[in-house]
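Descriptive structure summary
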Amino acid sequence: ETFVRAYRNLASYDGRASFSTWLYRIATNYSLDLLEARKRRGQAPLEDEEGAGASRVIAATPAPDRQAMSGEISRRLNAAMAQLSARERTAFVLRHFEEQSIYEISQTLGIGQSATKHSVFRAVQKLRQALRPVVDWMS
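My aim in this report is to walk through the structure given alongside it, one point at a time. Each chain has its residues counted from 1, running along the sequence as written. Reporting of local features is limited, given that this is a predicted model, to residues whose pLDDT is at least 70; pairs of side-chain atoms are given and counted only at 80 or more, and all residues count toward the totals for whole chains, interfaces and linings. Side-chain metrics rest on all non-hydrogen atoms present in the structure, leaving aside hydrogens and water.

Note on definitions: salt bridges are taken to be side-chain nitrogens of Lys or Arg within 4 Å of carboxyl oxygens of Asp or Glu. Under the defined criterion, the tally for this structure stands at three salt bridges. Between Lys-126 and Glu-88 there is a salt bridge, with its nearest N and O atoms 3.0 Å apart. Pair noted here: Lys-126 is in helix α6 (residues 113–138) and Glu-88 is in helix α4 (residues 86–96), with a separation of 38 residues, a long-range link. Each residue's exposure class comes from its accessible area (1.4 Å probe, protein chains only) as a fraction of the maximum for that residue type: buried when under 20%, exposed when over 50%, partly exposed otherwise. Given a relative accessible area of 2%, Glu-88 falls into the buried group. Several salt bridges share partner residues, and in doing so they unite Glu-88, Arg-122 and Lys-126 into one network. In this description a helix means any DSSP run of H or I spanning at least four residues, a strand means any run of E spanning at least two, and both kinds are numbered starting from the N terminus.

This part covers the packing of α4 against helix α5 (residues 102–109). Each pair of packed helices gets described by two things: the angle between the helix axes and the distance between those axes. At a closest axis distance of 10 Å, the pairing of α4 and α5 adopts a crossing angle of 140 degrees. Read as a crossing pair, α4 and α5 show a hand that is right-handed. Each of Arg-87, Thr-90, Ala-91, Leu-94 and Arg-95 in α4 lies in contact with α5, whose residues at this interface are Ile-102, Ile-105, Thr-108 and Leu-109. Ten residues, namely Ala, Val, Leu, Ile, Met, Phe, Trp, Tyr, Cys and Pro, are considered nonpolar, four, namely Asp, Glu, Lys and Arg, are considered charged, and the remaining ones, Gly among them, are considered polar. Split into classes, the residues belonging to the contact of α4 with α5 amount to five nonpolar, two polar and two charged. Between the N-to-C directions of two axes lies an angle of 0 to 180 degrees, each axis being a line fitted to C-alpha atoms and, for a helix, fitted only over the stretch in contact. Handedness of a crossing follows from how the near helix is turned relative to the far one, being left-handed for an anticlockwise turn of less than a right angle and right-handed for a clockwise one. Residues count as neighbours in contact if any of their non-hydrogen atoms are within 4.5 Å of one another.

The structure is reproduced here in structure tokens:
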């Protein structure tokens with residue numbers, strides 16, 4: 001859907017931001033629109049890939065205690081990510097998974113760099129707080 005929207009609106013790309021930032025902005029807007037529509041209709045959020053039945057390739061089977069810990073971390077992380085605001089979640093993913101700069105993220109989100117830094121910081125703090133019991137237990 002992002003690429004279809006980009007193609008349809010290619011004439012509106014003015015070059016002020018990089019093409020990838022413009023594309024991320026389209027994807028972000030579409031994602032936020034989709035989340036808002038789901039919320040209005042009272043639908044559950046999208047499942048993660050494992051919940052949707054996607055298969056994973058695992059090189060070696062980890063020990064049962066390791067599997068249990070991994071499952072617990074995954075559950076807590078998913079729950080914590082769900083508690084973040086859409087802006088915080090998007091800023092965090094773009095910064096830490098997509099490795100975008102604060103400037104690129106601010107352009108994608110359409111907010112200032114200071115607000116972008118604050119969104120990333122709040123997301124990290126919330127995730128640390130949510131994962132602290134697991135980290136403490138592992139120590």
